[in-house]
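Analysis of the macromolecular model
One-letter residues, chain by chain:
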Amino acid sequence: LKRMVPEETPILGEPVSAFEREFATQVGTAHAVGVGSGTDALVLSLRSLGIGDGDEVITAANTFAATVTAILTVGARPVLVDPDPDTLTLGPDGLVRALTGSTRAVIPVHLYGRLCPMPPILEVCAQHDVSVIEDAAQAHGARDGRAAGAFGRLGCFSFHPSKNLGAFGDGGAVTTNDSELAGTIRELRNLGQRRKHEFIHVAPNSKLDSLQAVVLRVKLRYLDRWNTRRREIAAFYARELAVLERDGVLELPELPRGEEHAFHLFAVHSDRRDELRQFLKEHGINAGVHYPVPPHLQPMTRGLGYGRGDFPVAEASARRELSLPIAPELDDAQLHFVCKNVHGFFHA
Ligand SMILES: *Cc1c(COP(=O)(O)O)cnc(C)c1O
């Protein structure tokens, strides 16, 4: 009977705790807590710090909607900052201008896999006693000294299948060196239970699924190799498309040194973005747009009082950004084919 009715259910079982240990080691933090999605990683991180009504949280105006959704979900006010035009990440100057007496946290977003300038951000936040929650949903394995997710008080990851470390469904994790916060997030992901039958918070059921943990444990072993291939692809595009940048028709992302960039996306910018996208589509190449409408122009943020023209860099990027294919499984012939067609479009 014992064998037929295992004491351990597949909920938060060994695969989840093993993945949490291995992921924490990979990121270089003391703890990783598996949750239901990247969005929940952000929501539970904010809640673990007690952030809610009346609090302000600063983040980048060009982020994926979920960052802003998470801030709104806990009842706090998202304070958006236009990103640095060269890196499209949150810079310390914009951050300083957005700080008020109500600022409780900053969420730097390592957009497209590129690290925000973390040392100056951490310095400003330390001076103002503001917590840093990294949105590392696009930056698994990006590192500059430390890895994405190990700079802030909390690091938030998504394992959506499209990300650099993707499960076969939804999943997420929070990384931290703070044992108390890790403990609170373990409670918050599990209906607010401190121990079985003791419910101390009103909280969702948002656990990392065991089947996803099994998948993630295998894929985690390949993450660094896959990211290396992503950087190779980025260097390939940069080389093959450089002449278009010189001609002023296409802007390419910077290639920072070392492993700083995880190249979740290879985001180029062009005034003819929509035509180029259509042309590539007709030639069998899927290029995405990340993202066509920035959060401050979405219906969900209507109550915040933002409008068109408030964040020119984010708005121009929404209008001009195109993501060229950058999956580690792409081979050089496929990359040549992409480049040949991008050239074909501009030389036609
Ligand atoms: C994907 C993503 C999220 C949300 O992750 P989900 O797992 O889809 O909830 C949050 N922030 C950024 C920057 C993302 O790219």
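Below, the structure is looked at part by part. (Residues numbered from 1 in each chain as written. Predicted model: local features only at pLDDT ≥ 70, side-chain atom pairs only at ≥ 80, totals over all residues. Heavy atoms only, no water.)

**Structural notes on the site of the ligand**
In the vicinity of the ligand, 13 residues are found, and the nearest of them are G38, T39, D135, S158 and K163. Within the side chain of T39, an N or O atom sits 2.6 Å from an oxygen atom of the ligand. Within the side chain of Q138, an N or O atom sits 2.8 Å from an oxygen atom of the ligand. Taking 380 Å² as the accessible area of the ligand by itself, protein coverage stands at 93%. At the level of secondary structure, the elements contributing two or more residues to the shell around the ligand comprise α2 (38-48) and α3 (65-73). A breakdown of the residues in the shell around the ligand according to their chemical character gives four nonpolar, seven polar and two charged. (Near = heavy atom within 4 Å. Polar contact = N/O pair within 3.5 Å; in protein donor to acceptor, adjacent residues only side chain to side chain. Areas by Shrake-Rupley, 256 points an atom, 1.4 Å probe, with all protein chains shown as cover. Helix = DSSP H or I, 4+ residues; strand = E, 2+ residues; numbered from the N terminus. Nonpolar A, V, L, I, M, F, W, Y, C, P; charged D, E, K, R; others polar.)

**As for the pairing of strand β4 (residues 103-107)**
For a regular strand, side chains alternate in direction, first toward one face of the sheet and then toward the other. The buried count for β4 comes to four of five residues, which makes it a mostly enclosed element. Across two bridges, the pairing between β4 and strand β5 (residues 131-135) is parallel. Counted as the bridge partner of V106 is V132 from β5. Handedness of the crossover is the feature at issue here: the chain leaves β4, passes through helix α5 (residues 118-127), returns alongside β5, and the resulting connection is right-handed. (Buried < 20%, exposed > 50% of the residue type's maximum accessible area, 1.4 Å probe, protein only. Pairing = 2+ DSSP bridges. Right-handed = clockwise from strand over helix to strand, strands pointing away.)

**A closer look at unusual backbone geometry**
Omega for the bond connecting H290 with Y291 falls within 30 degrees of zero, at 10°, which places this linkage in the cis form. Among the structural elements, Y291 can be located in the loop between α10 (273-282) and α11 (312-320). Of note, H197 is a non-glycine position whose phi angle comes to about 75°, a positive value. For H197, the location among the structural elements is in the loop between β10 (193-195) and β11 (198-199). Located in the positive-phi region is F263, a residue other than glycine, with phi close to 40°.

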